[in-house]
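Remarks on the overall topology
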Amino acid sequence: LIGVYINSHGERWELQLKGSGRTPYSRNGDGRAVLRSSVREFLCSEAMHYLGIPTSRAASLVVSDDDVWRDQFYNGNIKKERGAIVLRLAKSWFRIGSLEILAHSGELDLQRRLLDFIMQEHFPSIAMNDSNRYLEFFSTVVSETANLIALWMSVGFAHGVCNTDNFSLLSITIDYGPFGFMDSYDPNFVPNTSDDERRYKIGNQANVGLFNLSKLLQALKPLLDPRQKQQASQILEGYGEHYYIRFTELFKTKLGLLGENENDNYLIAFLLKVSLLC
């Protein structure tokens, strides 16, 4: 993260470099990116933006003279590739994992301070003096995550690695890695060649979203009283309905269906099945 930029419209953007090298958070990786994946992220993030799907953006791409060694297909065949650096932007790069790791290490004071900062900066509708502010925050993330995944499904987008560290707390699409778009409907479509168990297949994205939100609730529980914990669990139970309603709305719009008809959902399911058979 190299800084924060406020544009002429008053919008706040965090600027981040991907592929610029090792940082204290690189773990065992080299912190580099190859030209191939950098071009894909640049193009797809801009495409998603113009499709109306919340996403990070790409501002620039610079080709590096350094060689980067990668096993593209995870088959042990390591090849030298051209390196690149993407300057990408998002309203925030905080993820579910940002809170999860602090809860896991017992740094509850730091977690509370970080969460208050995130809400103050990015959730203006939540009053900071409200004793239920963490509950309101969780409720917003649940509904917006359901909305985001429904939008992914409406364009046949599979993220590829839907873990808690790749799920934004602002419910935007981030970290374009082994993503893909379906050419034809297939709920078992997996764009990630290393996902042998098909955990992140496109038909499982809504379920993985629920799993990640359950991890967020687990991280927030030390900050909630017993009543709030019970309410938060009820909010999480409503995730499926949020997703189903939004999914149905989007597909009805694609089909030009007006009003409400009890056969609408049957028609959507039938057409998807037909697409699968074709």
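Rules used throughout
Residues numbered from 1 in each chain as written. Predicted model: local features only at pLDDT ≥ 70, side-chain atom pairs only at ≥ 80, totals over all residues. Heavy atoms only, no water. UniProt positions renumbered as here; feature names shortened; annotations may be inferred. Helix = DSSP H or I, 4+ residues; strand = E, 2+ residues; numbered from the N terminus. Rg over C-alpha atoms; globule rule 2.2 N^0.38 Å. Buried < 20%, exposed > 50% of the residue type's maximum accessible area, 1.4 Å probe, protein only. Contact = heavy atoms within 4.5 Å. Areas by Shrake-Rupley, 256 points an atom, 1.4 Å probe, with all protein chains shown as cover. Phe/Tyr/Trp six-rings, centres within 6.5 Å; stacked < 30°, edge-to-face > 60°. Lys NZ or Arg CZ within 6 Å of the ring centre and 35° of its normal. Axes fitted to C-alpha atoms, helices over the stretch in contact; angles between N-to-C directions. Parallel < 35°, antiparallel > 145°, perpendicular 65-115°, else oblique. Left-handed = near helix turned anticlockwise from the far one by under 90°. Nonpolar A, V, L, I, M, F, W, Y, C, P; charged D, E, K, R; others polar. Polar contact = N/O pair within 3.5 Å; in protein donor to acceptor, adjacent residues only side chain to side chain. Pairing = 2+ DSSP bridges. Core = buried A, V, L, I, M, F, W, Y, C linked by side-chain atoms within 4.5 Å. Domains from an automatic or database assignment. Salt bridge = Lys/Arg side-chain N within 4 Å of Asp/Glu carboxyl O. Buried area = accessible area lost by both parts, 1.4 Å probe.

Per an unreviewed UniProt entry, the protein goes by the name Selenoprotein O and belongs to Cathartes aura. Listed in UniProt under the heading Sequence similarities (unreviewed entry), the comment for the protein reads: "Belongs to the SELO family." The annotation that UniProt attaches to the protein under Cofactor (unreviewed entry) is "Mg(2+)".

**Here we look at the overall build of the protein**
When you go through the protein residue by residue, the secondary structure sums to eight helices and six strands. Starting at the N terminus, the α and β elements of the protein follow one another as β-β-α-β-β-α-α-α-β-β-α-α-α-α. A compact globule built from 278 residues would reach a C-alpha radius of gyration of about 19 Å, and the protein, at 20 Å, matches this within 12%. Summarising its shape, the C-alpha atoms of the protein cover approximately 55 × 55 × 40 Å along the three principal directions. Here the protein holds 278 residues, and the buried ones make up 41% of them. Restricting the contact set of the protein to residue pairs at least 6 apart, pairs at least 24 apart contribute 60%. About 15300 Å² of surface is accessible on the protein, with carbon and sulfur atoms providing 52% of the total.

**Brief notes about the packing of aromatic side chains**
Inspection of every chain in the model, using the stated rule, returns eleven aromatic pairs. Chaining the aromatic ring pairs together yields one cluster made of Trp152, Phe157, Phe167, Tyr176, Phe179 and Phe181. Here Arg40 stacks its cationic end above the ring of Phe179, 4.1 Å away from the centre of that ring.

**A few points about the packing of helix H4 (residues 133–154) against helix H5 (residues 205–220)**
Interhelical geometry of H4 versus H5 gives an angle of 165° and a closest axis separation of 10 Å. The angle between the axes of H4 and H5 places the two elements in the roughly antiparallel class. Classified by chirality, the crossing of H5 by H4 is right-handed. Between H4 and H5, the residues in contact are Tyr134, Phe137, Phe138, Val141, Val142, Thr145, Ile149, Trp152 and Met153 and Gln205, Ala206, Gly209, Leu213, Leu216, Leu217 and Leu220, respectively.

**Re the packing of helix H3 (residues 108–122) against H4**
Close contact between H3 and H4 brings their axes to 11 Å; oriented N to C, the two are set at 60°. At the point where H3 passes H4, the crossing takes the left-handed sense. Contacts between H3 and H4 involve Arg112, Leu115, Asp116, Ile118 and Met119 on the former and, on the latter, Arg133, Tyr134 and Phe137. Tallied by class, the residues present in the contact of H3 with H4 amount to five nonpolar, no polar and three charged.

**Focus on the side chain of Glu41**
Structurally, the position occupied by Glu41 is in helix H1 (residues 35–50). Among the polar contacts listed, one links the side chain of Glu41 to the side chain of Arg88, at a separation of 2.8 Å. Leave out the neighbours within four places in its chain, and Glu41 touches Lys18, Arg88, Tyr176 and Phe179.

**Let's talk about the sheet that holds strand E1 (residues 3–6)**
Strand pairing in a sheet relies on backbone hydrogen bonds, with the paired strands running either antiparallel or parallel. An order of E1-E2-E4-E3 is seen for the four strands of this open sheet, with the pairing classed as antiparallel. For this open sheet the edge positions go to E1 and strand E3 (57–70), each flanked by a neighbour on one side alone. Within the sheet, the average angular offset between the axes of one strand and its neighbour, ignoring direction, is 25°.

**A short note on the nonpolar core**
Side chains of nonpolar character tend, in soluble globular proteins, to be buried together. Grouped together as the largest cluster of nonpolar side chains are 52 residues, with contacts concentrated most on Phe137, Trp152 and Leu216. Built from parts of two domains, this core gets at least three residues from each of domain 1 (3–90) and domain 2 (96–254).

**Describing the pattern of salt bridges**
Counted under the stated rule, the structure contains 17 salt bridges. Among the salt bridges present, the one from Asp30 reaches Arg70, with a minimum N-O distance of 2.9 Å. With Asp30 in the loop between strand E2 (12–18) and H1 and Arg70 in strand E3, this pair connects stretches of sequence that are 40 residues apart. Here Asp30 falls in the partly exposed class, since its relative accessible area comes to 32%. The class for Arg70 is partly exposed, based on a relative accessible area of 24%. Here Asp65 ties to Arg82 by a salt bridge, and the two come within 3.6 Å at their closest N and O atoms.

**Here we look at the domain arrangement of the protein**
Taken domain by domain, the protein consists of domain 1 (3–90) and domain 2 (96–254). Between the C-alpha centres of domain 1 and domain 2 the distance comes to 22 Å. With 19 residues of domain 1 at the contact, the number on the domain 2 side is 19 residues. In total, about 1500 Å² of surface goes out of reach between domain 1 and domain 2, with carbon and sulfur atoms giving 61% of it. Summed over the shared surface of domain 1 and domain 2, the number is two salt bridges. A salt bridge links Glu121 to Arg12, with the nearest nitrogen and oxygen atoms 3.4 Å apart. Counting the contacts that link domain 1 with domain 2 gives nine residue pairs in polar contact (both at pLDDT 80 or more). Sorting the residues of the side of domain 1 that touches domain 2 by element identifies E2, H1 and strand E4 (79–90) as the ones contributing at least two each. Each residue belonging to the side of domain 1 that touches domain 2 can be placed in one class, and the counts come to eight nonpolar, five polar and six charged.

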